[in-house]
Amino acid sequence: PELAKNYLNLRNYNPYKRRVIDGEIELIKKYAGDIHEIVGVNKFNLIDLGCGDGRKAEVFIKSLPYSTKLRYCPIDISSFYIKETTKKIKSLSSPKIVSIKPLVVDFMEEPYMIGMMRNGEYQNNLSLLLGETISHYDIHELLFKLSQNMFPGDFLVIGNGIRTGKRFVNLAKYRSPLFNEWFIHIIRGIGFDDSDVKVDVRFAHGRLEGFYHVLVDKTINHKGRSVHFKKGDEVIVAIQYKFFENELKKFCSMYFSKVNLFKTSDNEYSLVVCKK
């Protein structure tokens, strides 16, 4: 829960808020109707992959036509997020929402859950993968897993930033204390004390990496096994890949039959609508 709550603090960090929060919400409000037309049905499962606190799904549902009837299916590895999202969506009391089926699971490890959401009443799936979630995975592995567990006619809506200049710039903005306040819970969960490590960030291996320098020799015991860390070791806790517009289209087109990309006026953020 501490890790989940500290991620939400990024919503008030201006570089993140302007692009990932405000930019994505702007696109959802503007193009939800277009996405609904592309999907072509009024009744479907709305599967929210990595739902967070449900803010984006709330905007998406509000922006859909009144004729829509959906079963909202938030999926997240965090039970804290699932509880927050379920509460938020229930509070809408929207006639568009027929029912809610939450699920605490890692969709990357168990992607088959997407296909299992289908039932006799809800035969179509529209999945949301918003908030740059896709940028924190190997894009080919994730798109392959998701597409393999979708049926023809299902849709995936990806929200992700797009690069327009150099791929890797402005490393300083990732050195905000907010990131350490978020990631330190991973390090504590492993078994390190705060004084055992020092946070850092870099562009390496074709991606952004958030990591910790280990400052002391330390042995961590867990379930009868021991892991020996040495001073100078590094623990990578976060990664993010950066994509140009043509790359996003190309990669998505490798796994889906049709791809539409909508982007903000400043060309910094996109919604990619992918049809299986």
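Use the structure listed above.
The following refers to the structure shown. Nothing here was measured: the structure is a model prediction, and the numbers come from that model.

As a further point, take the sheet that holds strand 11 (residues 234-240). Ordered by their spatial adjacency, three strands build an open sheet running 7-8-11, and the pairing between neighbours is antiparallel. Each edge of the open sheet is held by one strand with a lone partner, namely strand 7 (197-204) and strand 11. Geometrically, the sheet is characterised by an average inter-axis angle of 25° between neighbouring strands, direction not taken into account. As judged from the eight bridges shared by strand 7 and strand 8 (residues 207-214), these two strands associate in the antiparallel manner. Counterpart to Ala204 in the pairing with strand 8 is Arg207.

Quick look at the pattern of salt bridges now. Taken as a whole and judged by the stated rule, the model has 21 salt bridges. Across the salt bridge formed by Asp53 and Arg11, the nearest N and O atoms sit 2.4 Å from each other. Remark: Arg11 occurs in the loop between helix 1 (2-8) and helix 2 (14-39) and Asp53 occurs in the loop between strand 1 (43-49) and helix 3 (55-63); sequence separation between them is 42 residues. The class for Asp53 is buried, based on a relative accessible area of 13%. The partly exposed category is assigned to Arg11, whose relative accessible area is 26%. Overlapping salt bridges bring together Arg202, Arg207, Glu209 and Glu234 as one network.

Before going further, it helps to spend a moment on helix 4 (residues 79-90). Compared with an ideal rise of 1.5 Å per residue, which puts twelve residues at 16 Å, helix 4 spans 16 Å between its outermost C-alpha atoms and is within 8% of the ideal. Residues of helix 4 that are buried: Phe80, Tyr81, Ile82, Thr85, Thr86 and Ile89. Among the structural elements, helix 1, helix 3, strand 2 (69-76), strand 3 (97-100) and strand 4 (103-104) are those in contact with the buried residues of helix 4. Capping the start of helix 4 is the job of one residue whose side-chain oxygen sits 3.3 Å from the backbone nitrogen of Phe80: Ser78.

With the rule as written, the count across this model stands at twelve aromatic pairs. Ring centres of Tyr13 and Phe179 lie 6.0 Å apart, and the angle between their planes is 85°; on these two criteria the pair is classed as edge-to-face. Here the residue Tyr13 occupies a position in the loop between helix 1 and helix 2, and Phe179 occupies one in helix 7 (residues 177-190), the gap between them amounting to 166 residues. On the accessibility criterion, Tyr13 (17% relative accessible area) is buried. On the accessibility criterion, Phe179 (13% relative accessible area) is buried. An aromatic cluster of at least three residues, connected via ring pairs, comprises Tyr7, Tyr13, Tyr16, Tyr174, Phe179, Trp182 and Phe183. Note that Lys96 overlies the ring of Tyr66, its terminal NZ or CZ placed 5.2 Å from the centroid. Here the guanidinium or amino end of Arg202 rests over the ring plane of Phe211, the centre of that ring lying 3.9 Å away.

Largest kink in helix 2: about 55°, centred on Tyr31. Once helix 2 finishes, Gly40 follows within two positions and takes phi at roughly 80°, a positive value.

What follows concerns the nonpolar core. One finds Leu46 and Phe60 to be the most contacted residues of the largest nonpolar core, which totals 54 residues. For this core, the leading source of residues is helix 2, giving ten residues. The next biggest cluster of nonpolar side chains, apart from the first, holds 29 residues, and it includes Cys73, Met117, Ile139 and Ile158.

With that settled, the discussion passes to unusual backbone geometry. Phi at Ser93 takes a positive value of approximately 50°, unusual for a residue other than glycine. Counting through the fold element by element, Ser93 comes out in the loop between helix 4 and strand 3. At Lys223, a position not held by glycine, the phi torsion is positive, near 50°. Mapped onto the elements, Lys223 comes out in the loop between strand 9 (218-222) and strand 10 (225-229).

Conventions adopted
Residues numbered from 1 in each chain as written. Predicted model: local features only at pLDDT ≥ 70, side-chain atom pairs only at ≥ 80, totals over all residues. Heavy atoms only, no water. Pairing = 2+ DSSP bridges. Helix = DSSP H or I, 4+ residues; strand = E, 2+ residues; numbered from the N terminus. Axes fitted to C-alpha atoms, helices over the stretch in contact; angles between N-to-C directions. Salt bridge = Lys/Arg side-chain N within 4 Å of Asp/Glu carboxyl O. Buried < 20%, exposed > 50% of the residue type's maximum accessible area, 1.4 Å probe, protein only. Expected span 1.5 Å × (residues − 1). Contact = heavy atoms within 4.5 Å. Polar contact = N/O pair within 3.5 Å; in protein donor to acceptor, adjacent residues only side chain to side chain. Phe/Tyr/Trp six-rings, centres within 6.5 Å; stacked < 30°, edge-to-face > 60°. Lys NZ or Arg CZ within 6 Å of the ring centre and 35° of its normal. Bend = angle between axes of the 7 residues up to and from the residue. Core = buried A, V, L, I, M, F, W, Y, C linked by side-chain atoms within 4.5 Å.

Keep in mind these numbers describe shape, not what the thing actually does.
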